[in-house]
Structure formats: structure tokens, C-alpha cells
Amino acid sequence: MNEKEQLIRTGRHLLAAQLAWGTSGNMSARIDTDTMIITASGTQMGNLNSDDFVECEIFTGKVTGTKKASKETPMHIGIYREREDINAVLHSSPFYATLFSCSDTPIDSRLFVETMYYLENIAYVDYFHPGAQELADAIMKSAKAANVIIMRHHGVVILDKNISEAIVRLETLEMACRMILQAKASGVRLNSISDAVVKSFLEDSGYRPRQIPPAKQVKA
């Protein structure tokens, strides 16, 4: 299955799982070192076909295709330029993650196995209009140290080594946000796992190889 087919299937899955809606969002995949494909402007995430993608050169920005690329293409380009290990980028506005993007409520990654792994590195960027260069610059800067970027009053950007992992990371984020919100509404106190146990899990449990963004590797 090639990258287009994977993204088409991903769009359908995200819509069915209420992780995307309408034309709110965009997706891309790196197809080689210097090239990516991205959803075209105005496309519906859950109703994509093979003509709904635009090819773009990562380092020159040159676009090839009959359709207009998503207005947020600069954001995707910036991520791939900054992170050689990233091969998939998902941007969507799922209900619970977007709700948290509109609040100051923190997203605790120390809740369960998947949150410890997939939500270890979360960054936040201030609101900028969709497609603004300021947004692309803020995302590119944050991508150095994060695989989940919450865009205030906008949604979320997920960056990962492949499309499958990006989906799981997004699903985990939405589950955590929903869990935190419902616990607050129900008066249930969530207990966080200790930092020592989280560190042991990430480094010693053998769950999966720990994913450490470049900026965090430098600081280690």
C-alpha cells in the first residue's frame, strides 16, 4: 500500500472515529528524503481519493499537481525539514483535544501505558491564523522537542515515524483528554504515575523503543 492509499484509509478512519470532521484538517506523508504528499485545499478528510493530493518538494517548496495544496503546507514542510525521523504528519481538530486547546487545563501523560509512551513530549503553540507563516515557524520550532503539538484554539498536530503510529498517537491524545475531562465532571480524582516509574517504564520495560526528539537527545 503506497502513501496515498494509506492516507485515504487514514482519513476514513479518523472520520469514523470522530477524530476528524469536514474539511477541518490536513495530512501528509514523506515519500522520499526530499518529497512529501499533502492533502489538497478544501478536501474532506473522510472522503479522499487519489486526486486529492499534491506533491511538494520539502526543501524548495515546489508544488506539483492540478489542485491547490493545503494552506498549511508550510507547517508540514517545516516539520519534515526539522525532523529527518518524521515520515507522517496529521493535523486535525478532534473534539476533546480541541477543547483542551481552548483551555489552560494540562494534559497529564502519567496516566496509563499508552499516555506514558505516546504523550511523553507535548508542546503548545499560540494561536495564529491557519496558513500563516508565524504558525509554520512556531510549529517548526516546537517540532524539535515534541511529537504532539497543541495549537491554541485550533487543534493538534501529530508527527511520527509512520502513518500507523501517528494514528495511535492521536487516538491516545483524544482518549486522555476525554478521560481527564470526564473525571473532572464526575468528581473523580485521577492519580498520576510517579516520575520515577514513568522513567523506568520508558527506559527499562521493553514496551517499545523510546522516541526522543532531537532537542531532547541533545539535553540528555
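Residues numbered from 1 in each chain as written. Predicted model: local features only at pLDDT ≥ 70, side-chain atom pairs only at ≥ 80, totals over all residues. Heavy atoms only, no water.

Undergrad: Hey, could you run me through the pattern of salt bridges in this one?
TA: Counted according to the given criterion, the structure contains 9 salt bridges. Here arginine 210 ties to glutamate 120 by a salt bridge, and the two come within 2.4 Å at their closest N and O atoms. Placement of the pair is arginine 210 in the loop between helix H7 (195–204) and helix H8 (214–219) and glutamate 120 in the loop between helix H4 (113–118) and strand E6 (122–125), with a sequence separation of 90 residues. Between aspartate 160 and arginine 169 there is a salt bridge, and its shortest N-O distance comes to 2.7 Å. Here aspartate 160 matches arginine 169 in class, with each residue buried. Counted as one network, the salt bridges with shared partners bring together Glu120, Lys199, Glu203 and Arg210. (Salt bridge = Lys/Arg side-chain N within 4 Å of Asp/Glu carboxyl O. Helix = DSSP H or I, 4+ residues; strand = E, 2+ residues; numbered from the N terminus. Buried < 20%, exposed > 50% of the residue type's maximum accessible area, 1.4 Å probe, protein only.)

Undergrad: I tried to follow the environment of phenylalanine 59 on my own but got confused; where do I start?
TA: Structurally, phenylalanine 59 is set in the loop between strand E3 (53–57) and strand E4 (63–64). Linking phenylalanine 59 and glycine 78, residues 19 residues apart in sequence, is a C-alpha distance of 9.0 Å. Setting aside chain neighbours within four positions, we find phenylalanine 59 in contact with Thr33, Asp34 and Arg81. (Contact = heavy atoms within 4.5 Å.)

Undergrad: I keep staring at helix H5 (residues 133–143) and nothing clicks. Help me out?
TA: Two residues of an α-helix separated by three or four positions point the same way, owing to the 3.6 residues in each turn. Of the positions making up H5, those classed as buried are Leu135, Ala136, Ala138, Ile139, Ser142 and Ala143. For H5, the buried positions fall inside an angular range of 165° around the axis, keeping them on one side. Buried positions along H5 lie against helix H2 (73–82), E6, strand E7 (148–151) and strand E8 (155–160). (Arc of directions from axis to C-beta.)

Undergrad: Quick question: what am I supposed to make of the sheet that holds strand E1 (residues 25–32) here?
TA: Neighbouring strands of a sheet are bound in pairs by backbone hydrogen bonds; such pairs are parallel or else antiparallel. Read across the open sheet, the 8 strands follow the order E4-E3-E2-E1-E5-E8-E7-E6; overall the sheet is mixed. Two strands close off the open sheet at either side, each with one partner strand: E4 and E6. Here strand E2 (residues 35–39) pairs with E3 via 5 bridges, running antiparallel. For threonine 39, the partnering residue across the bridge sits in E3 and is phenylalanine 53. (Pairing = 2+ DSSP bridges.)

Scope: geometric values only; no functional claims are made or implied.
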